[in-house]
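# Summary of the model geometry
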Amino acid sequence: MPGRLMLVSHPLCPYVQRAVIVMTEKQIAFERLDIDLADKPAWFLALSPTGKTPLLKVGTEHALFESAAIVEYLDETCGTPLMPANPVERARARAWIEFASGTLADIAGLYAAPDEPAFANKRAALGRRFGQIDAALSAPWFAGERFGLVDAAFAPVFRYLDAFEHLAGLSLADGLARLEAWRLALAGRPSVRIAVAPDYPARLKHFLLARGSFLTRIVLEHSQAIADA
Ligand SMILES: N[C@@H](CCC(=O)N[C@@H](CS)C(=O)NCC(=O)O)C(=O)O
């Protein structure tokens, strides 16, 4: 065990979820401290070169940043490895974790898109990504029989998809049977379920409504249509 772990977090951050999933999978004890990203504490800015969550404080000596680096550190220091032993498979896993980060960036672009053309552009980019992921994945988990770091990296992507379907009636990955099966498996995984607090859906809705973006309009119209039905 590497010493006392403190995960500096934000309740909506998908990158934080990766670390929580991995620590839960590995039964690693940790404390969590949520901060206000709109008003970052000075101690956080002093520790984090990027000023982004997650940040993992390890004992009193180290503060790790970047979710991919954090989860690999946890994987190498605690329990049975979630990364493959084979270097080629490990390189492939790292590449797909990066692809998951790019997918999260496109999702952020989608919910921030100010108008229909920008929204349609991001939606098309996401559709292409989901097709590529569907073609690359095995079953039941990304690389086959064992749950791994790629699964942890993508679980927050699908949490957004669930929310967009529920709040906006918006489907981004239709007709991809393998992806759908993986998404369902991830949604049922206990570590994924508890990676956010029970108030996550309400917080995300509040966040999306406050964006003033094209998706905000869709969420409002969807709520209205449900109220009228
Ligand atoms: N590449 C980073 C991305 C982390 C990230 O974008 N965190 C967001 C919250 S989900 C953040 O802290 N944003 C605050 C800011 O950019 O000022 C990682 O994988 O850890």
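Right above here is the structure, for reference.
About the criteria used
- Residues numbered from 1 in each chain as written.
- Predicted model: local features only at pLDDT ≥ 70, side-chain atom pairs only at ≥ 80, totals over all residues.
- Heavy atoms only, no water.
- Near = heavy atom within 4 Å.
- Polar contact = N/O pair within 3.5 Å; in protein donor to acceptor, adjacent residues only side chain to side chain.
- Areas by Shrake-Rupley, 256 points an atom, 1.4 Å probe, with all protein chains shown as cover.
- Nonpolar A, V, L, I, M, F, W, Y, C, P; charged D, E, K, R; others polar.
- Buried < 20%, exposed > 50% of the residue type's maximum accessible area, 1.4 Å probe, protein only.
- Helix = DSSP H or I, 4+ residues; strand = E, 2+ residues; numbered from the N terminus.
- Contact = heavy atoms within 4.5 Å.
- Phe/Tyr/Trp six-rings, centres within 6.5 Å; stacked < 30°, edge-to-face > 60°.
- Core = buried A, V, L, I, M, F, W, Y, C linked by side-chain atoms within 4.5 Å.
- Pairing = 2+ DSSP bridges.

## A closer look at the site of the ligand
Surveying the vicinity of the ligand reveals the residues C13, P14, Y15, L37, K40, K52, T53, P54, E66 and S67. E66 places a polar side-chain atom, nitrogen or oxygen, 2.8 Å from a nitrogen atom of the ligand. Burial of the ligand by the protein amounts to 73% of the accessible area it has alone, namely 520 Å². Class assignment for the residues of the shell around the ligand results in five nonpolar, two polar and three charged.

## Looking at helix α3 (residues 67-77)
Within α3, burial applies to S67, I70, V71, E72, L74 and D75. Buried residues along α3 sit in contact with β1 (5-9), α1 (14-25), β3 (55-58), β4 (62-65), α4 (87-112) and α6 (149-168). Where α3 ends, the next residue or the one after it, G79, has phi of about 65 degrees, a positive value.

## Some words on unusual backbone geometry
Backbone torsion omega between T53 and P54 reads 5 degrees, so that peptide bond is classified as cis. Along the chain, P54 falls in the loop between α2 (42-47) and β3. For the peptide bond that leads from A139 to P140, omega is 0 degrees, which places it in the cis range. Its place among the elements puts P140 in the loop between α5 (116-136) and α6. One non-glycine residue, Q27, lies in the positive phi region at around 55 degrees. Inspection of the secondary structure assignment puts Q27 in the loop between α1 and β2 (31-34). One non-glycine residue, E66, adopts positive backbone phi at about 75 degrees.

## Looking at the packing of aromatic side chains
Under the defined criterion, the tally for this structure stands at 13 aromatic pairs. Summarising the aromatic geometry, the rings of W96 and F142 are spaced 5.6 Å apart at their centres and angled 50 degrees between planes, so their arrangement reads as tilted. Taken together, the residues span a long stretch of sequence, with W96 in helix α4 and F142 in the loop between α5 and α6 at a distance of 46 residues. Exposure remark for F142: the relative accessible area of 2% places this residue in the buried category.

## Describing the nonpolar core
In terms of nonpolar packing, the biggest core is built from 69 residues, with F130, I133, F154, F164, L179, W182 and L215 touching the most fellow members. The greatest single-element share of this core, amounting to 14 residues, is contributed by α6. The contact partners of F130, leaving out residues within four places of it in the chain, are T103, V157, F158, L161, L172, A173, L176 and L179.

## With respect to the pairing of β3
In terms of strand pairing, β1 meets β3 through four bridges, oriented antiparallel. Residue pairing across strands places L7 opposite L56, the latter belonging to β3. Summarising the sheet, β3 and β4 pair through four bridges and their orientation is antiparallel. Among the inter-strand pairings, V58 is bridged to a residue of β4, identified as H62. Between β3 and β4, which pair antiparallel in sequence order, lie three residues; one of them, G59, sits at a positive phi of approximately 60 degrees.

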